[in-house]
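Residue-level listing of the chains:
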Amino acid sequence: MAQGLIEVERKFLPGPGTEERLQELGGTLEHRVTFRDTYYDTPELSLMQADHWLRRREDSGWELKCPGAAGVLGHHTEYKELTAEPTIVAQLCKVLGADGLGAGDVAAVLGPLGLQEVASFVTKRSAWKLVLLGTDEEEPQLRVDLDTADFGYAVGEVEALVHEEAEVPTALEKIHRLSSMLGVPAQETAPAKLIVYLQRFRPQDYQRLLEVNSSKQRPQGTEDPDNCLG
Ligand SMILES: Cc1ncc(C[n+]2csc(CCOP(=O)(O)OP(=O)(O)OP(=O)(O)O)c2C)c(N)n1
Ligand SMILES: [Mg+2]
């Protein structure tokens, strides 16, 4: 993936007819894939508290999601995805207030930065792509991922990858239109797999994140009063 793309997405709870509906809408199944994600943070969850999410995905390497202009806003989220290791290391040092670690491998700075494994789970994913009928331009193409985690939680996401903030409103409009065509209730939000994992298996960490999020000031003009952890 190109460096620093912005991932705009909306999660939803898939039903038994979701794949059939995707086919009816002209979606094509790109692949079915299974992968393990391992997330890392400090014992105090300093990264997650700063809305940064560091993971290693088996066979595809390191990724750091950092909040975009909106972060979590209403029913959608907007994150920058960093995948180049020197860029990830530089951002980790910035967020954790560390100096002098150079710009090497992520694995080499885990120890010095106090980062350790906080969650690890396997996801089975069917990945769909779709161009909405009635739109002249082909970009941004929408992706729909239907995930089931090995601890029994299923979640879908409608997603667009864009290069700059100016493209976000159009992407969002398409995401909301497709969500509605898939029968997703307008007010529905669904938590990320990692959040459900923490809630089930690390309830104290989950509570800590909830507390930090509920004490944060929401940006003006956002309409969702719920905690952003869904
Ligand atoms: C409602 C809500 N959503 C996301 C967040 C932030 N967040 C929580 S966990 C988390 C990290 C995991 O992101 P997610 O999109 O769930 O991972 P996944 O779909 O497996 O990876 P992909 O293949 O799409 O890269 C984030 C950004 C939040 N605070 N609140
Ligand atoms: Mg996602």
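Located above this text is the structure these notes cover.
A quick note: this is a predicted structure, and the numbers were derived from the prediction, not measured.

Engineer: Just checking my understanding: could you explain the side chain of T42 for this structure?
Structural biologist: By the secondary structure assignment, T42 is in the loop between β2 (28-41) and α2 (46-49). Residue classification places T42 among the buried residues on the basis of a relative accessible area of 5%. There is a polar contact of 2.8 Å between the side chain of T42 and the side chain of S46. Look past the residues within four positions of T42 in its chain and what remains in contact with it is L96, L113, G114 and L115.

Engineer: In this structure, what is going on with unusual backbone geometry? I would like to understand it.
Structural biologist: What is expected of a backbone is that most residues other than glycine have negative phi and most peptide bonds are trans. Here the phi dihedral of D51 falls at roughly 60°; this positive angle occurs in a residue that is not glycine. Within the fold, D51 resides in the loop between α2 and β3 (53-57).

Engineer: Would you take a moment to explain the packing of aromatic side chains for this structure?
Structural biologist: The geometry of an aromatic ring pair is captured by the separation of the ring centres together with the interplanar angle, meaning the angle of the planes. Tallied over the full model, the rule gives 7 aromatic pairs. With 5.6 Å between their ring centres and 75° between their planes, F151 and Y197 make a pair best called edge-to-face. Separated by 46 residues along the polypeptide, F151 in the loop between β7 (142-149) and β8 (154-162) and Y197 in helix α6 (residues 193-201) bring together distant segments of the chain. Relative accessible area serves as the criterion here: at 13%, F151 is assigned to the buried category.

Engineer: What is the right way to read the packing of α6 against helix α7 (residues 203-215) from this model?
Structural biologist: For any two helices packed against each other, one specifies the crossing angle of their axes together with the interaxial distance. At their nearest, the axes of α6 and α7 sit 5 Å apart, and the two run at 125° to each other. One finds that α6 runs oblique with respect to α7. Only P203, Y206 and L209 of α7 make contact with α6, whose side of the interface consists of I195, L198, Q199, R200 and F201. A per-class count over the contact of α6 with α7 returns 6 nonpolar, 1 polar and 1 charged.

Engineer: Just checking my understanding: could you explain the pairing of β8 for this structure?
Structural biologist: Two faces belong to every sheet, and in a regular strand the side chains alternate between them. Of all 9 residues in β8, 7 are buried; the element is thus mostly enclosed. Across 6 bridges, the pairing between β7 and β8 is antiparallel. Bridge pairing links R143 to E159 in β8. What sits between the antiparallel neighbours β7 and β8 is a turn of 4 residues, in which G152 has the positive phi angle 95°.

Rules behind the numbers
Residues numbered from 1 in each chain as written. Chains lettered and ligands numbered in written order. Predicted model: local features only at pLDDT ≥ 70, side-chain atom pairs only at ≥ 80, totals over all residues. Heavy atoms only, no water. Helix = DSSP H or I, 4+ residues; strand = E, 2+ residues; numbered from the N terminus. Buried < 20%, exposed > 50% of the residue type's maximum accessible area, 1.4 Å probe, protein only. Polar contact = N/O pair within 3.5 Å; in protein donor to acceptor, adjacent residues only side chain to side chain. Contact = heavy atoms within 4.5 Å. Phe/Tyr/Trp six-rings, centres within 6.5 Å; stacked < 30°, edge-to-face > 60°. Axes fitted to C-alpha atoms, helices over the stretch in contact; angles between N-to-C directions. Parallel < 35°, antiparallel > 145°, perpendicular 65-115°, else oblique. Nonpolar A, V, L, I, M, F, W, Y, C, P; charged D, E, K, R; others polar. Pairing = 2+ DSSP bridges.

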